[in-house]
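Coordinate analysis (summary)
Here is what each chain is made of, one letter per residue.
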2 protein chains.
Amino acid sequence: MDITRTLASYLVDGEYGDLPAAVRHEACRALLNWLGCAIGGSRHQTVECALAAVRSFSGPVQAGVLGRGDRLDILHAALVNGISSHVLDFDDTHARAIHPSAPVLPALLAYAEWRAVSGKDLVNAFVLGVEAEERVGLSVFPEHYNIGWHITGTAGVFGAAAAVGKLLGLTKQQMRWALGIAATQSAGLREMFGTMCKSLHPGRAAQNGMTAALLAEKNFNSSDRAIEAARGFANVTSTRFDPRVITEGLGERYEILSNMYKPYACGLVVHAAIDGCIELARGHALVPEQIARVELTVSPLVLELTAKRNPQSGLEGKFSVFHAAAVGIIHHAAGEAQFSDEVVRDPRVAALRERVAAIEDRAMGRTEARVTIVLEDGRRLSRHVAHALGTLERPMSDADLEAKFRSLVGGILPEQRIAALIAACWALESLPDAGEIARLAAAV
Amino acid sequence: MDITRTLASYLVDGEYGDLPAAVRHEACRALLNWLGCAIGGSRHQTVECALAAVRSFSGPVQAGVLGRGDRLDILHAALVNGISSHVLDFDDTHARAIHPSAPVLPALLAYAEWRAVSGKDLVNAFVLGVEAEERVGLSVFPEHYNIGWHITGTAGVFGAAAAVGKLLGLTKQQMRWALGIAATQSAGLREMFGTMCKSLHPGRAAQNGMTAALLAEKNFNSSDRAIEAARGFANVTSTRFDPRVITEGLGERYEILSNMYKPYACGLVVHAAIDGCIELARGHALVPEQIARVELTVSPLVLELTAKRNPQSGLEGKFSVFHAAAVGIIHHAAGEAQFSDEVVRDPRVAALRERVAAIEDRAMGRTEARVTIVLEDGRRLSRHVAHALGTLERPMSDADLEAKFRSLVGGILPEQRIAALIAACWALESLPDAGEIARLAAAV
């Protein structure tokens, strides 16, 4: 059972030319989505606090904080961009477990600003990093997560180490060490959900994974069997370990193809209800005054997670399926703007929110919903959403991702930069210098 | 069960004036011992590799690498000094579990170089940091350790956060957050023993704990119940948690009084045998040519850990009770010098090593040994060591600690500096600026 060695060999051998077109395109989609989240989150209080704390200790300016003017050394840039890209809870999600981009791309983009990296090499390193973190994470999932580990932090650090190690051109022995140094820094507790530490996790994973690769490059050694050893990552942090998840189908199956993007700035379980509300409101040009009541038939999980009846803040609004439905109907959207304090307190939204009811149905999937809007004139409009927008069954289109990007970065970057960034993401593979993306994403 | 709050309150309220004289003196002893280990380890390959990897990312020069000329930002200085002070495996050990100084003092001394800190404040912060890490560690010990966590890393991060938080003057709310930010960075696998990553653990604990305190100072928030929550540190990383170990007797019982120092540069289990050999060889002025054979009666644990019959390198020598006995007899010492490649390969040492036998005796304690030296003339010299030098029952004297310090730093610092450092450690409480110690410990 030579798991770490097998994974390290694959990472060192994996070439850009091996990647199927769909995989390469998905990398571009993930980059665009992640970049929007990072820039959109860059003014968040969590980022302000982190910058205030670490700024005095930053090394030479080597990389930028996306969406801002700050420049830091690459390790601190990876930390802060990792925080900002997860802070809105709007970044991508693997169909089963971890948020793959937030621990990996901050490290890669900081690296690309520091030393020139071609778009092709960035794509390859990113895909391989995602492969490493997802496979390590899934090999212990869900037990590891159920114990209380925030898998985006604990597995993410492997992704950053693998991706940066790839750009550094580590030998196979060094890549094993990099994975080992990552393993022994793996951290992040689910107890932190709801606090600033939740987004610290991918930030630290990016920073520590990058450090792992840099240490390994200088022959700082580690265990050769850090993942599978009796006292290694898997056995220490989980009650179950399936090593085949790591080694089977390497180079044949790509985890990035299971990547999902959120159209709405709240938990996935609410998305199907929002979809139905937006479609009905748009299709019938409804105004709230017409509406007697809204009935949502949803999985019991929805009420377990988002049953807040009278949210008082934007953050609370994200945990209210009633609020989500109301803004879907009134705004035809559920982005960050719809979860602002202002919109949550808007009397028109609050009034409609009170007329929304939710009915549990165990037969419903977690990304499924039936929405029925009963009008004052007695008509009943109904829509069944089998799969929410953003799921693998019904992915966001490239145009949807562009629109999401615009909604996140508008007001932070000027239109010209926004257009240039969108174009650069789609053209990533032909960029001679991928650091260009980070430079375009700096505040002007 | 409000464990994190209780601990944080104690840390914020604890004053220098509360500390008993014995506690304050133990802090000075621990500082002297730790400083010798850090300076003595400062030229180790592990430190060279770490410096080579991180130097380009260091911030403004704020603190020095002990025993060297390098200057780094305080976070990197804490990392590197944490590594160097543990790399020889010669630093202090709590009677039950963790190496207390290596995660805490690197952070405190770096801080003291950056912002002036009085000796009294340093002593108080150090004692409180040790209290935090030991109590958190012991509350989950030994299950946490048995699972595979290197407790010096996983609990040490709490110590560094508490100690630096104390110097920063955190509020009680901020101290809770600092402990929480520490908890969610807690890491380090025992699988790394025997690799460079073992000493990375206290280095990262020092650096990450310090970062936790700096983040909390800027109101970067965290869970308020990070230690005891269902998905908090204790429950996620251990199968048993005794919260009373953290909260009972705060301010009455001091964990630093259970601190032990190693006289010999190898594992504790070998120490009693070395003691007996040195005493007999010295007392009878023995030369190896007189000796027919040496019989060691020891705990079975000794052979489980150190049964290497023919060590080939200095490192292997540390895992050979036979080598340890031989150098004890020939050199009357077992410091770093006696575990060099050169001494391990010395034919005179190797010849005596072959005449050493070890007999297991289950009745023997792990710091107990009986040594019998049979001379060529037929005489049998015997010595029973009930407790090895350095145990709580038979602590190293202040003079022993000075001699150990000298043996570690001789050849690295000039005599004048050595004498000044020893004097400064004993006079720590009267120093107006404790950063003076770090400045004296820089290579000239």
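Since we're looking at a predicted model, the values are computed, not measured.

1. A short note on the overall build of chain A
Along chain A, the regular secondary structure elements total 22 helices and eight strands. What you see for chain A is a C-alpha radius of gyration of 22 Å, in line with the 22 Å of a compact globule of 444 residues. Considered along the principal axes of its C-alpha atoms, chain A spans approximately 75 × 50 × 40 Å. Of all 444 residues assigned to chain A, the portion counted as buried reaches 61%. Taking the intrachain contacts of chain A between residues at least 6 apart in sequence as the baseline, contacts between residues at least 24 apart amount to 79%.

2. Focus: the sheet that holds strand S5 (residues 291–298) of chain B
Each strand in a sheet pairs with another by means of backbone hydrogen bonds, the pair being arranged parallel or else antiparallel. Residue and element names in this part refer to chain B. In spatial order, the strands read S6-S5-S7-S8; together these four strands make up an open sheet with mixed pairing. Taken across any chain shown, the strands that pair with only one partner, and hence form the sheet edges, are strand S6 (356–360) and strand S8 (380–385). Averaged over all pairs of adjacent strands, the angle between their axes in this sheet comes to 15 degrees, without regard to strand direction. In this sheet, strand S7 (residues 369–375) lies alongside S5 in antiparallel orientation, the contact comprising seven bridges. Looking at S7, one finds that Ile 291 is bridged to Leu 375.

3. Re the packing of helix H2 (residues 21–40) of chain A against helix H5 (residues 101–114) of chain A
Residue and element names in this part refer to chain A. In contact at an axis separation of 11 Å, H2 and H5 are set at 90 degrees when each is read in the N-to-C sense. Put simply, H2 runs roughly perpendicular to H5. Each of Ala 30, Leu 31 and Trp 34 in H2 lies in contact with H5, whose residues at this interface are Ser 101, Ala 102 and Leu 105. Looking at the contact of H2 with H5 residue by residue, the classes come out as five nonpolar, one polar and no charged.

4. Concerning the interface of chain B and chain A
Each partner contributes residues to the interface: chain B has 46 residues there, and chain A has 46 residues. For the side of chain B that touches chain A, the secondary-structure elements that each account for two or more residues are helix H3 (45–54), helix H4 (74–86), helix H10 (172–183), helix H11 (197–217) and helix H12 (233–237) of chain B. Broken down by element, the side of chain B that touches chain A gets its largest block of residues, six residues, from H11(B). Of the residues assigned to the side of chain B that touches chain A, the class counts are 24 nonpolar, 15 polar and seven charged.

5. Here's the deal with the pairing of S5(B)
Summarising the sheet, S5(B) and S6(B) pair through five bridges and their orientation is parallel. Paired with Thr297(B) across the two strands is Ile359(B), which belongs to S6(B).

6. Remarks on the relation of the copies chain B and chain A
Mapping chain B onto chain A calls for a rotation angle of 180 degrees and an axial translation of 0.0 Å; the resulting RMSD is 0.0 Å. The operation mapping one copy onto its partner corresponds to a two-fold rotation axis. Residue Gly59(B), judged by its C-alpha, is the member of chain B lying nearest the rotation axis, at 1.7 Å. Of all interface residues in chain B, 100% are interface residues in chain A too; the two copies therefore contact each other through one and the same surface.

7. Details of the domain arrangement of chain A
Segmentation of chain A into domains returns domain 1 (3–261 + 397–440) and domain 2 (268–385). Placing the centre of domain 1 of chain A and that of domain 2 of chain A at their C-alpha centroids yields a distance of 33 Å.

8. Concerning unusual backbone geometry
Excluding glycine, residues mostly have negative phi values, and the peptide bonds linking residues are mostly trans. Residue and element names in this part refer to chain A. Residue Phe 141 is joined to Pro 142 through a cis peptide bond whose omega torsion reads 5 degrees. Take Pro 142: it is sitting in the loop between helix H6 (119–139) and helix H7 (143–147). The phi dihedral of Asn 219 is positive, around 65 degrees, even though this residue is not glycine. Note that Asn 219 resides in the loop between helix H11 (197–217) and helix H12 (233–237). Of note in this structure, Ala 285 is not a glycine but carries a positive phi near 45 degrees. Residue position: Ala 285 is located in the loop between helix H14 (271–283) and strand S5 (291–298).

9. So, the sheet that holds S5(A)
Residues and elements named next belong to chain A. Spatially, S6-S5-S7-S8 is the arrangement adopted by the four strands of the open sheet, whose pairing is mixed. Each edge of the sheet is formed by a strand with only one pairing partner; in this case those strands are strand S6 (356–360) and strand S8 (380–385). Put simply, the sheet's adjacent strands are angled 15 degrees from each other on average, direction ignored. Sheet contacts for H14: S5, strand S7 (369–375) and S8; angle to S7, the most-contacted strand, approximately 40 degrees. Running over the sheet, helix H17 (residues 321–331) touches S5 and S6 and is turned about 125 degrees from S6.

10. Examining helix H1 (residues 3–13) of chain A
All names here are of chain A. For H1, every residue scored as buried is listed here: Ile 3, Thr 4, Leu 7, Ala 8, Tyr 10 and Leu 11. All buried residues of H1 fall inside an arc of 160 degrees around its axis, so they share one side. Contacts made by the buried residues of H1 are with H6, helix H9 (156–168), helix H10 (172–183) and helix H13 (244–247).

11. A word on the confidence of the model for chain A
This prediction gives chain A a mean pLDDT of 97; 100% of its residues lie at or above 70. For this predicted complex, the interface confidence comes out at an ipTM of 0.95, alongside a pTM of 0.95.

Conventions and cut-offs
Residues numbered from 1 in each chain as written. Chains lettered and ligands numbered in written order. Predicted model: local features only at pLDDT ≥ 70, side-chain atom pairs only at ≥ 80, totals over all residues. Helix = DSSP H or I, 4+ residues; strand = E, 2+ residues; numbered from the N terminus. Rg over C-alpha atoms; globule rule 2.2 N^0.38 Å. Buried ≥ 20, exposed ≤ 12 C-beta atoms within 10 Å, placed from the backbone. Contact = placed C-beta atoms within 7 Å. Pairing = 2+ DSSP bridges. Axes fitted to C-alpha atoms, helices over the stretch in contact; angles between N-to-C directions. Parallel < 35°, antiparallel > 145°, perpendicular 65-115°, else oblique. Nonpolar A, V, L, I, M, F, W, Y, C, P; charged D, E, K, R; others polar. Least-squares fit on C-alpha atoms with pLDDT ≥ 70 in both. Domains from an automatic or database assignment. Arc of directions from axis to C-beta. pLDDT = per-residue confidence, 0-100.

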